[in-house]
Amino acid sequence: NTILCFLRSFEYSQKNAVLVPVAALGVGGMLVYWLRSRHKIKTIEMGDGWWGSGERLLKGREDESIRPFKIETSDKEIEDLHRRLDQARYTPHVEGAAFHYGFNSSYLKKVVSYWRNQFDWHKQVEILNKYPHFHTTIEGIDIHFIHVKPPYVPHGQAVQPLLMVHGWPGSFYEFYKIIPLLTEPAKHGLNEGDVVFEVICPSIPGYGFSEAPHQQGFDSVATARIFHKLMNRLGFKEYYLQGGDWGSRVTTNMAQMLPQSVKGLHLNVVFVGKRGLGRLISIILGAYVPWLVGLSREDARLIYPFMQKSVYDVLRESGYLHIQATKPDTAGCGLNDSPVGLAAYILEKFSTWTDKSFLHKDDGGLESKYSLDELLTNVMIYWVTSSIVSSMRYYKENFSKDPNLSAYNRFAVHVPTGIAAFPQEILHTPRIWAKDVYKNIITYSYMPRGGHFAAFEEPKLLAQDIMQFVRKVEQL
Amino acid sequence: EFCSSLAGIMLLEVFLVLGTVIIYFLFSKKKEETLPFKDGWWGKGQKPDTKEDTTIRPFKVETTEEELSDLFRRLDQARFTEPLENSCFHYGINSVYHRKVVSYWKKQFNWKKQVEVLNKYPHFKTEIQGIDVHFVQVKPPRLPEGQSAKPLLMVHGWPGSFYEFYKIIPLLTDPASHGLSDEHVFEVICPSIPGYGFSEAPHKKDFNSVSAASVFYELMLRLGFNEFYAQGGDWGWLICSNLAQMAPNHVKGLHLNLASVTKVGFTHLLSILLGRYFPGLFGFQEEDVRRMFPFLKKGLYRILSESGYAHIQATKPDTVGCGLNDSPVGLAAYILEKFSSWTDLEFQNLEDGGLERKFNLDDLLTNIMIYWVSGCIISSMRFYKENLQKGIGTQKHEKLTVQVPTGIASFPNEIMHTPQAWAQKKYTNIVSFHFMPRGGHFAALEEPELLAKDILQFVGKVEKEQLWKKR
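Residues numbered from 1 in each chain as written. Chains lettered and ligands numbered in written order. Predicted model: local features only at pLDDT ≥ 70, side-chain atom pairs only at ≥ 80, totals over all residues. Heavy atoms only, no water.

To be explicit about the condition: UniProt positions are given in the numbering used here, feature names are shortened, and annotations may be inferred rather than shown by experiment.
Chain B appears in an unreviewed UniProt entry as microsomal epoxide hydrolase from Neopipo cinnamomea. Recorded in UniProt under Subcellular location (unreviewed entry), the annotation for chain B is "Microsome membrane".

Labelled according to an unreviewed UniProt entry, chain A appears under the name Epoxide hydrolase 1, originating from Neopipo cinnamomea.

Following this line, the structure appears as structure tokens:
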């Protein structure tokens, strides 16, 4: 009533007749902006966790020391491995199988022969130790990471902290070739060298030298929280993130959890967000008029024919995901006991996920992109740490819940994002679909070649893309 | 003008109805088509010009000291991973319980004795389509006056073997000694599917259920049986169904303890959505509703959570089986997990997976040993790829019906329940369909008496019907 009287009293004043709607608009606009901005900065709740065995000790603070760590091996360990390799039992493949039935046993025998007779684990351990390793206890478990600082920093240059997270069946070792390109770019002929990084590569709990969680429920959100705590403990307030495979999901959760700490997020794998009728319609239309639904020509080339590439191919390649997301302890049991079985299981992925056409080759095309030494070193990390079962449990912990309820799909990512789309990735995510979740895509690059294990296979291409992304973000 | 357009519409309707009727008849004729016999050559290299050796050679399961000491060495060096706290069997087999199994395996399980148990029935091998096919053939010890033994082919599945039938065989070959009616006495033949146990694995691609059915068809003919009954569950269900589709004049009756439906149509979808509320409309009985609904929980989620093994075996069998052929502990874990969940899904909530409630460790380990000593785990898994790689519901035999008299024993703890209303779309001549009071997937091993009784009553019905027809 009072407002109406107030308004009526202005009826006769022209000046006020202009002022009132303008003021109303102003207030209204501010209200809308305030509401939207509140919606905008919705983040994943940080929460807390305890993953050690037994009950959490409430008394006393957690040991926050950062302890240097060196990977070691022993003659006993190597003898045990050799004994198992010597007693391996193989099954002849059907005629003409190539890699269509999985890892080809004739080629496997050659790999194992190399492993037994030429692979030098002592030497590889030295290579692994060339970067400084550390352990620190967070939420009850020991977290392993390597921390590589640039050996030489020109005066006044900023060093960007970069956390790089691996996936399955990879490890921190996947980054060994790209690290020097990021910490010493000028030395490796990578442009101006105005962007230099300090790289931290942790092992996801349950992988490699990070202790496995003893409690159920350890998912990517818990990992994100632990990695934030790690960066904080190392003294970083703001940092860049990079990830592929699980690393992509973990770093995305990190950006959704604490956006103010994430300067930029770079991904080489993007998991599609929304499904639904709208998406289905755009997929159907996109086959004929890709430009109408926001798909580029390259997108169309990588996605279509849709049934073949996005349904059949994915079904053919996702058996491991299905069994690991439901029965990880069963699936991993034999692999933790048979190094040959472990190698076949892991290396099959390094073949097919690098290039789909490798399925047709008798040797799975493995040695055309990688050396046996580096492939076997990654396998050895799983073997000597007995981490295959705990690495598989990560699938169950992340997939058990209703996908629509998972944090990943419910929260948007507003931090500057860079995406490198590699052509041989199992599933291609066009920029227009990535925008469902990533609202602030600064760069989106179609890489000329390369597959799933980008850092391992095409370190230079990936490093260049990371640097041009960071350069753009720094200029913002 | 209005009248002529109305007439036009009526004419169109008449044509549509006629057309549908004609198409229906065409299609229904197609459905009654028999499945063609699938000839093949599964041996190594090229098929030789010489005639195949059709002799049936007696076979004895053997073991050696070397085999045993190799096994013990591997069991001794087993590396286990601690389970998550309070996880029971939710993440797969629980390694704390598994250690106990392995300890029993090392210290108390007597493989030499079990080999003698396996050899108590006569074993044979014969070459069919280029590979050695193994089978057990058990004749009745005595026959009542004027009766002849009815041949019964029993086919196992995965991860089972011919050994699953060892408890039920005596109930069928000598029912009188086991308190069952001896109106019908059987001569039982339990082959091993090529690629399983002591049957040679195919060396060529594409050996699927129709191939296996063709091989077993040749086997039964070679053994001199012109008419026989067939019984199966798991893969045995599919192979025996294919056999019935292939040779309806030879298969007197088909008994199944699993009857999956692979061709899902609109009516199935409708019955899933509304069957709980209008069971009568879809032909569902009360027990059907109890077992099937809520559908998401008892149908979809259950299948998703239990079919990981099928997905990976249907796509990368050589990869997943590799470690299992090298680690007996891994092999045991993989197989035992199925004997737990598929017997009763509630067993997942137990720390020991409920394994020893329905089975004894000697039987379970003997079955595992068959996979271990024959090194057949990979070839057994390939069967999934050969059958499923083109997708479910796409193959010819899935579109054809089965017209031979069929008996279905529906066990309550089977992973997914198939109501009679669905089964009869494929099995058009269901003579008996019974809800079993208890039991799961491995019916023959777990509830031999229940299964034997159902087989006997089914055969009784078929024989009566035949007699009546003759008159």
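1. A word on the overall build of chain B
Put simply, the rule reads: Secondary structure elements follow DSSP: runs of H or I of four or more residues count as helices, runs of E of two or more count as strands, with numbering from the N terminus. We take the radius of gyration over the C-alpha atoms and set the globule estimate at 2.2 Å times the residue count to the 0.38 power. Each residue is placed in one exposure class: buried if its accessible area under a 1.4 Å probe, protein chains only, is under 20% of its type's maximum, exposed if it is over 50%, and partly exposed if it falls in between. Whether two residues touch is decided by their heavy atoms; if any such pair falls within 4.5 Å, the residues are in contact. To be clear on the numbers: accessible area is Shrake-Rupley with a 1.4 Å probe, and residue cover counts the displayed protein chains and nothing else. Positive: Lys, Arg. Negative: Asp, Glu. His and the chain ends are not part of the count. Charge placement uses NZ in Lys and CZ in Arg. For Asp and Glu, CG and CD serve respectively.
Helix and strand content of chain B: 20 helices and 9 strands. Since a compact globule built from 471 residues should have a radius of gyration of about 23 Å, the 24 Å found for chain B is in line with a globular shape. Overall size of chain B, expressed as C-alpha extent along the three principal axes, is 95 × 60 × 50 Å. The buried share among the 471 residues of chain B stands at 59%. Residue pairs at least 24 apart in sequence account for 80% of intrachain contacts in chain B once pairs closer than 6 positions are excluded. When the accessible area of chain B is evaluated, it comes to approximately 20,400 Å², of which 57% is carbon and sulfur surface. Taken together, the 53 basic and 53 acidic charged side chains of chain B have centroids lying 2 Å from each other.

2. Observations regarding the pattern of salt bridges
Close approach of charged atoms lets side chains of opposite charge pair. All names here are of chain A. Counted only if it meets this: The working definition used for a salt bridge is a side-chain nitrogen of Lys or Arg within 4 Å of a carboxyl oxygen of Asp or Glu.
If you walk through the whole model with that rule in mind, you get 47 salt bridges over all chains. Between E374 and K177 there is a salt bridge, with the nearest N and O atoms lying 3.1 Å from each other. Of this pair, E374 sits in helix α15 (residues 372-384) while K177 sits in the loop between β4 (159-165) and α6 (179-183), and the two are 197 residues apart along the sequence. Residue E374 is classed as buried on the basis of its relative accessible area, which comes to 13%. Residue K177 is classed as partly exposed on the basis of its relative accessible area of 32%. Three or more residues joined by partner-sharing salt bridges are found here, namely D48, E139, R225 and K229.

3. Points about the layout of surface pockets
All names here are of chain A. In plain terms, the rule: In this analysis the probe radius is 1.4 Å and the grid spacing 1 Å, with only protein atoms considered; a cavity is a set of points the probe fits into but cannot get out of, a pocket is an open set with protein on both sides within 12 Å along at least five of seven lines, and lining residues have an atom within 4 Å of a point. Grid points are joined across faces, edges and corners, and a volume is the space filled by probe spheres set on the points.
Quantified by volume, the second largest pocket comes out at close to 430 Å³. Surrounding the second largest pocket, 23 residues form its lining, E62, E64, E139, K229 and R233 being those nearest its centre. Mapped onto the lining of the second largest pocket, the elements with two or more residues apiece are β2 (133-138) and α7 (220-233). With 5 residues, α7 is the largest single contributor of residues to the lining of the second largest pocket.

4. With respect to the packing of α7(A) against helix α8 (residues 246-257) of chain A
Residue and element names in this part refer to chain A. Rules: All axes are obtained by fitting lines to C-alpha atoms, using only the stretch in contact for helices, and the reported angles, taken between N-to-C directions, cover 0 to 180 degrees. Between 65 and 115 degrees an angle is taken as roughly perpendicular, under 35 as roughly parallel, over 145 as roughly antiparallel, and anywhere else as oblique. With the far helix as reference, a near helix turned anticlockwise by less than a right angle produces a left-handed crossing, and one turned clockwise produces a right-handed crossing. As a working rule, the residues Ala, Val, Leu, Ile, Met, Phe, Trp, Tyr, Cys and Pro are called nonpolar, Asp, Glu, Lys and Arg charged, and the rest polar, with Gly in that last group.
Their axes nearest at 8 Å, the elements α7 and α8 cross at an angle of 70°. One way to sum up the angle between α7 and α8 is to call them roughly perpendicular. When the axes of α7 and α8 are compared, the crossing they make is right-handed. From α7, S220, V221, T223, A224, R225, F227 and H228 reach across to α8, where they touch R249, V250, N253, M254 and M257. In terms of residue class, the contact of α7 with α8 is made up of 6 nonpolar, 4 polar and 2 charged.

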